[in-house]
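Residues per chain are reported as follows:
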Amino acid sequence: MASLDGMVALVTGAARKRGIGRAIALRLARDGADVAVTAIARDPSQLPEHERAEGWQGAQSVAEEIRAMGRRAIALDLDVTSDDQVREAIARTQQELGPLTGLVNNAGIASEAAAASIAEMDDALWFSTIDINLNGVYRMCKAGVQAMLAHGRTSAIVNISSLAGRFGFANYGGYCASKFGVIGLTQQLAAEVATRDIRVNCICPGSIDTDMLDGTMARKAKVAGMEFAEFKATYNQSIIPMNRRGLPSEQAAVCSFLLGPDASYVTGQTINVDGGYRMD
């Protein structure tokens, strides 16, 4: 028996080929869950070159991968800044797959991390970062918990924060504040639903090999006056005890554990998945 047999999970921000969200959705399916794969619709012209080259269709492509494993999946457009879309996504998930018992809040933006100081911050960028990265998690948690309480089944939520939610990085715009907030939200919600058979935990990825990290490294390289490839070859590796960047699949493995029955006495926790970069 797979560890997540019988679970219906919804994963936000799961459309990127090299993203943590896709890796989580695939791992949950591998471990037995049926999955609603959600993401904000993207303009095809804005897709990374590697996605355009293979005709990648975002959330729909991930859902097809899951179906190929023999699991059920649906792909939904979801902007987590919209209350209506959040409620509709959860309703569609329950109508088509069954009662929602697993929720992973992965959707987020890097803002202009590495190139946006507080003193010179564009206010619109600050507020949009908070609205997606923190308020979006709040909206999903609120609607998700309401659905879970209504059906009364054992359920679990995993929120994705960041090492930038553990300590502040200079020039990270609204990113650090939003990710710190996700950890606080996780702890509060976990305390509120601990007696209702719902667990809530959080993961802080470190330097993970994704398109989002590539964007941050490109901005850092520009500030440093270096070529991107040269900068990426050594970025952060000297201060990571394991001396390498992590893989999205390594985040997914921890997420699946936290959603599953082996973590039945774990709630309100924040786990760094970062190769030893931060040990607290």
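Student: Help me understand the environment of aspartate 83 in this model?
Tutor: Its location among the elements puts aspartate 83 in helix H4 (residues 83–96). Aspartate 83 sits 141 residues away from alanine 224 along the chain, and the two C-alpha atoms are 40 Å apart. Here arginine 139 takes part through its side chain, which lies 3.2 Å from a polar atom of the side chain of aspartate 83.

Student: So what exactly am I meant to see when it comes to the environment of asparagine 133 here?
Tutor: Its place among the elements puts asparagine 133 in helix H5 (residues 123–151). The class for asparagine 133 is buried, based on a relative accessible area of 0%. With 28 residues separating them along the chain, asparagine 133 and asparagine 105 place their C-alpha atoms 9.3 Å apart. Sequence-distant contacts of asparagine 133, that is, excluding residues within four places in its chain, are made with Gly108, Ile109, Tyr175, Ser178, Lys179 and Val182. Of the polar contacts made by the side chain of asparagine 133, one reaches the backbone nitrogen of isoleucine 109; its length is 2.8 Å.

Student: Any chance you could explain the pattern of salt bridges here in plain terms?
Tutor: Working definition: two side chains of opposite charge can pair if their charged atoms are close together. For the structure on display, the rule yields 19 salt bridges. For lysine 17, the salt bridge is made with glutamate 54, and the minimal N-O distance between the two is 3.0 Å. Residue lysine 17 is located in the loop between strand E1 (8–11) and helix H1 (20–30), and its partner glutamate 54 is located in the loop between helix H2 (49–53) and helix H3 (59–68); the two are separated by 37 residues in the primary sequence. On the basis of relative accessibility, which here comes to 22%, the residue lysine 17 falls in the partly exposed class. Note that arginine 166 and aspartate 280 form a salt bridge whose closest N and O atoms lie 3.9 Å from each other. Placement of arginine 166 in the loop between strand E5 (155–160) and helix H6 (175–193) and of aspartate 280 in the segment after strand E7 (270–273) is noted, with a sequence separation of 114 residues between them. Three or more residues joined by partner-sharing salt bridges are found here, namely Arg18, Asp209, Asp211, Asp214 and Lys232.

Student: When you look at the sheet that holds strand E6 (residues 198–205) in this model, what are you seeing that I'm missing?
Tutor: Pairing between the strands of a sheet comes from backbone hydrogen bonds, and it takes one of two forms, parallel or antiparallel. Pairing is parallel in the open sheet, where 7 strands are placed in the order E3-E2-E1-E4-E5-E6-E7. In this open sheet, the two edge strands, each paired with only one partner strand, are strand E3 (73–77) and E7. Strand-to-strand twist in this sheet, taken as the mean axis angle between neighbours without regard to direction, amounts to 15 degrees. Most of the contacts of helix H9 (residues 248–259) go to E6, to which it runs at about 165 degrees, and overall it touches strand E4 (102–105), E5, E6 and E7.

Student: Any chance you could explain the packing of H1 against H3 here in plain terms?
Tutor: For any two helices packed against each other, one specifies the inter-axial angle together with the distance between the axes. It is the contact of H1 with H3, at a shortest axis distance of 9 Å, that shows an interaxial angle of 20 degrees. Relative to H3, the element H1 lies roughly parallel. As for how H1 packs across H3, the hand of that crossing is right-handed. Residue-level contacts link Arg22, Ala25, Leu26 and Ala29 of H1 to Val62, Glu65 and Ile66 of H3. For the contact of H1 with H3, the residue count by class is 5 nonpolar, no polar and 2 charged.

Student: Looking at this model, I keep getting lost on the side chain of serine 178. Mind explaining?
Tutor: Relative to the elements of secondary structure, serine 178 occurs in helix H6. Apart from the residues lying within four places of it in its own chain, the contact partners of serine 178 are Thr129, Ile130, Asn133 and Leu134.

Student: How should the packing of aromatic side chains be read in this particular structure?
Tutor: Two measures describe an aromatic ring pair: the distance that separates the ring centres and the angle between the ring planes. Under the defined criterion, the tally for this structure stands at 5 aromatic pairs. Grouping aromatic residues by their ring pairs yields a cluster made of Phe167, Phe169, Tyr172, Tyr175 and Tyr277.

Student: Got a minute to help me understand H1 in this structure?
Tutor: For the α-helix, the turn length of 3.6 residues means that residues three or four positions removed from each other point alike. With 9 of 11 residues buried, H1 lies mostly within the body of the structure. Among all positions in H1, only Ile20, Gly21, Arg22, Ala23, Ile24, Ala25, Leu26, Leu28 and Ala29 are buried. Directly after H1, the chain includes glycine 32, whose backbone phi takes a positive value near 115 degrees.

Student: What should I look at first to understand the pairing of E1 in this one?
Tutor: Where a strand is regular, its side chains alternate between the two sheet faces. Burial along E1 is two-sided: Val8 and Leu10 and Ala9 and Val11, pointing in opposite directions, are all buried. As defined by bridge partners, E1 adjoins strand E2 (residues 34–39) across 4 bridges and the pair is classed as parallel. Note on E2: the bridge partner recorded for valine 11 is valine 37. Once you follow E1 into H1 and on to E2, the crossover reads as right-handed. As paired strands, E1 and E4 are joined by 3 bridges and run parallel to one another. The residue bridging valine 11 from the neighbouring strand is valine 104, located in E4.

Student: Teacher, can you tell me more about unusual backbone geometry here?
Tutor: Leave glycine aside and you will find that most residues have negative phi; peptide bonds, for their part, are mostly trans. Within the chain, serine 111 stands out as a residue other than glycine whose phi angle is a positive 60 degrees. Take serine 111: it is sitting in the loop between E4 and H5. Taking relative accessible area as the criterion, serine 111 reaches 11% and is therefore assigned buried. Residue aspartate 197 is not a glycine yet carries a positive backbone phi of 65 degrees. Tracing the backbone through its elements, the reader meets aspartate 197 in the loop between H6 and E6. By relative accessible area, aspartate 197 is classed as partly exposed at 39%.

Calculation notes
- Residues numbered from 1 in each chain as written.
- Predicted model: local features only at pLDDT ≥ 70, side-chain atom pairs only at ≥ 80, totals over all residues.
- Heavy atoms only, no water.
- Helix = DSSP H or I, 4+ residues; strand = E, 2+ residues; numbered from the N terminus.
- Polar contact = N/O pair within 3.5 Å; in protein donor to acceptor, adjacent residues only side chain to side chain.
- Buried < 20%, exposed > 50% of the residue type's maximum accessible area, 1.4 Å probe, protein only.
- Contact = heavy atoms within 4.5 Å.
- Salt bridge = Lys/Arg side-chain N within 4 Å of Asp/Glu carboxyl O.
- Pairing = 2+ DSSP bridges.
- Axes fitted to C-alpha atoms, helices over the stretch in contact; angles between N-to-C directions.
- Parallel < 35°, antiparallel > 145°, perpendicular 65-115°, else oblique.
- Left-handed = near helix turned anticlockwise from the far one by under 90°.
- Nonpolar A, V, L, I, M, F, W, Y, C, P; charged D, E, K, R; others polar.
- Phe/Tyr/Trp six-rings, centres within 6.5 Å; stacked < 30°, edge-to-face > 60°.
- Right-handed = clockwise from strand over helix to strand, strands pointing away.

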